[in-house]
Amino acid sequence: MSQTDTAVNSTTSRERSRWNATDLGLIAVFAALVAGSALVPGIAANVFGIPITFQTLAVMLTGLMLGPARGFAAVGLYTLLGLAGLPIFSQGRSGLGILAGPSAGYIIAFPIAAAVVGWLAVVVIRRTTRARALWFFAAAMVTSIVVVHTLGVIGIAVNTKSELAQAFLADLVFYPGDVIKNILAAVIAVALHRAFPDVLVRRAKRIKR
C-alpha cells in the first residue's frame, strides 16, 4: 500500500469516527429515554429504600443501540444533568447530594455500564450473525453483575456504613428484575438494529476501533 493510500484511509477513518448531527441527536434522545425511565414510579425494594425502576433497562438498551462511546455520552449526559439539579433521578431526586445516598453506586455505574455493554455489543455484531439476542442478553447480564451490581453494593456499604455482606444481600433483590429487563433490552435492540442498521450494525462492521 502506498503512502497516499495510507493517508487516504487514515483520513477516512477519522472522518467516520467523528460524531455528526445524527450522532448528537441519538445521544440526546437516549439521554431523554434514560431520564424518562427514571421518572416512572419505582418500588422501594430493600431496607435502604433503593427503588426498582426501569433505568437499568434504558441504560442497557442505550449501550446496545449506540455502542461504547455514544452510549457512555448519552448516559453520562443524563447523569450530569441530574447531578446539576434537574429532577431526573428516580423518585424525582437531583443534585450532588445523591452521591451521599445508598443509590450512589448505581448512578455512578450507569455511564460505565453503557460503555461496557456497548463495547460488548460491537463485538457481538462483528462476530455473530445468529442468536444475536441471546448474545446481547449475555452481554447485558455480565455488565449488570460486574459493573452495576458491584458498584451498587460498594455504594450501599460506603454510604450507609453497613457491612459488605449486608449490602450484598440488599442488592440481590434487584437480580430477578434485571434478568427480565435485560431480556427486553436484548430483544428490543435486535429489532431496532434490524430496522435501523445504520445506527450501529453497519458502523461496527465498517469502523475498526
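Novice: If you had to explain the overall build of the protein chain to someone new, which residues and values would you point to?
Specialist: Counting secondary structure elements, the protein chain contains 8 helices and 2 strands. Listed N to C, the secondary structure of the protein chain is α-α-β-β-α-α-α-α-α-α in terms of helices and strands. In the protein chain, 73% of the contacts between residues at least 6 apart in sequence involve partners at least 24 apart.

Novice: Talk me through the confidence of the model for the protein chain; I want residue IDs and the actual numbers.
Specialist: Overall, the predicted model of the protein chain reaches an average pLDDT of 89, with 88% of residues at or above 70. Of the regions scoring below 50 in pLDDT, residues 1-16 engages in 5 contacts with residues more than four places distant in sequence or in other chains.

Novice: Give me the packing of aromatic side chains: which residues, what numbers.
Specialist: By the definition in use, this model includes 2 aromatic pairs. On the basis of an interplanar angle of 90° and a centroid distance of 5.6 Å, the ring pair of Y78 and F89 is categorised as edge-to-face. You can see Y78 sitting in helix α3 (residues 55-84) and its partner F89 sitting in the loop between α3 and α4 (104-127), a full 11 residues away along the chain. In this pair, the class of Y78 matches that of F89, namely buried. On the numbers, 5.7 Å between centres and 70° between planes, the contact of Y106 with F174 is edge-to-face. With a gap of 68 residues between them, Y106 in helix α4 and F174 in the loop between α6 (164-171) and α7 (175-195) connect regions that are remote in the sequence. Each member of the pair Y106 and F174 is classed as buried.

Novice: Before we move on, could you go through the pattern of salt bridges and cite the residues and values that matter?
Specialist: Scanning the entire structure with this criterion turns up 4 salt bridges. Between R70 and D23 there is a salt bridge; the shortest N-O distance is 2.9 Å. Of this pair, R70 sits in helix α3 while D23 sits in helix α2 (residues 21-39); the two residues are 47 residues apart in sequence, bridging distant segments of the chain. On the basis of relative accessibility, which here comes to 2%, the residue R70 falls in the buried class. Classification of D23 by relative accessible area gives buried; the value is 2%. Note that D178 is salt-bridged to K181, the shortest N-O span being 3.6 Å. Of this pair, D178 and K181 both sit in helix α7, 3 residues apart, which is roughly one turn of that helix.

Novice: Just give me the short version of the packing of α3 against helix α5 (residues 132-160), but keep the residues and values in it.
Specialist: Direction vectors running N to C along α3 and α5 enclose 120°, while the axes themselves pass 11 Å from each other. Classed by the angle they form, the pair α3 and α5 counts as oblique. For the pair α3 and α5, the crossing hand works out as right-handed. Here T56, M60 and L64 of α3 come into contact with α5, specifically with F136, A140, T143, S144 and V148. Of the residues assigned to the contact of α3 with α5, the class counts are 5 nonpolar, 3 polar and no charged.

Novice: Give me the lowdown on α3, citing residues and values where you can.
Specialist: The end-to-end C-alpha distance of α3, which contains 30 residues, comes to just 19 Å, noticeably less than the 44 Å that a straight helix rising 1.5 Å per residue would cover. Of all the bends found along α3, the most pronounced is centred on G67 and spans about 135°, while P68, a proline, follows it within four residues. Positive phi shows up at G85, right after α3, with a value of about 130°.

Novice: Account for the environment of V124, with residues named and values stated.
Specialist: Relative to the assigned elements, V124 resides in helix α4. With a relative accessible area of 8%, V124 lands in the buried category. Along the backbone, V124 and V201 are 77 residues apart, and their C-alpha atoms lie at a distance of 9.9 Å. Aside from chain neighbours lying at most four places away, what touches V124 is R132, W135 and F136.

What counts and how
Residues numbered from 1 in each chain as written. Predicted model: local features only at pLDDT ≥ 70, side-chain atom pairs only at ≥ 80, totals over all residues. Heavy atoms only, no water. Helix = DSSP H or I, 4+ residues; strand = E, 2+ residues; numbered from the N terminus. Contact = heavy atoms within 4.5 Å. pLDDT = per-residue confidence, 0-100. Phe/Tyr/Trp six-rings, centres within 6.5 Å; stacked < 30°, edge-to-face > 60°. Buried < 20%, exposed > 50% of the residue type's maximum accessible area, 1.4 Å probe, protein only. Salt bridge = Lys/Arg side-chain N within 4 Å of Asp/Glu carboxyl O. Axes fitted to C-alpha atoms, helices over the stretch in contact; angles between N-to-C directions. Parallel < 35°, antiparallel > 145°, perpendicular 65-115°, else oblique. Left-handed = near helix turned anticlockwise from the far one by under 90°. Nonpolar A, V, L, I, M, F, W, Y, C, P; charged D, E, K, R; others polar. Expected span 1.5 Å × (residues − 1). Bend = angle between axes of the 7 residues up to and from the residue.

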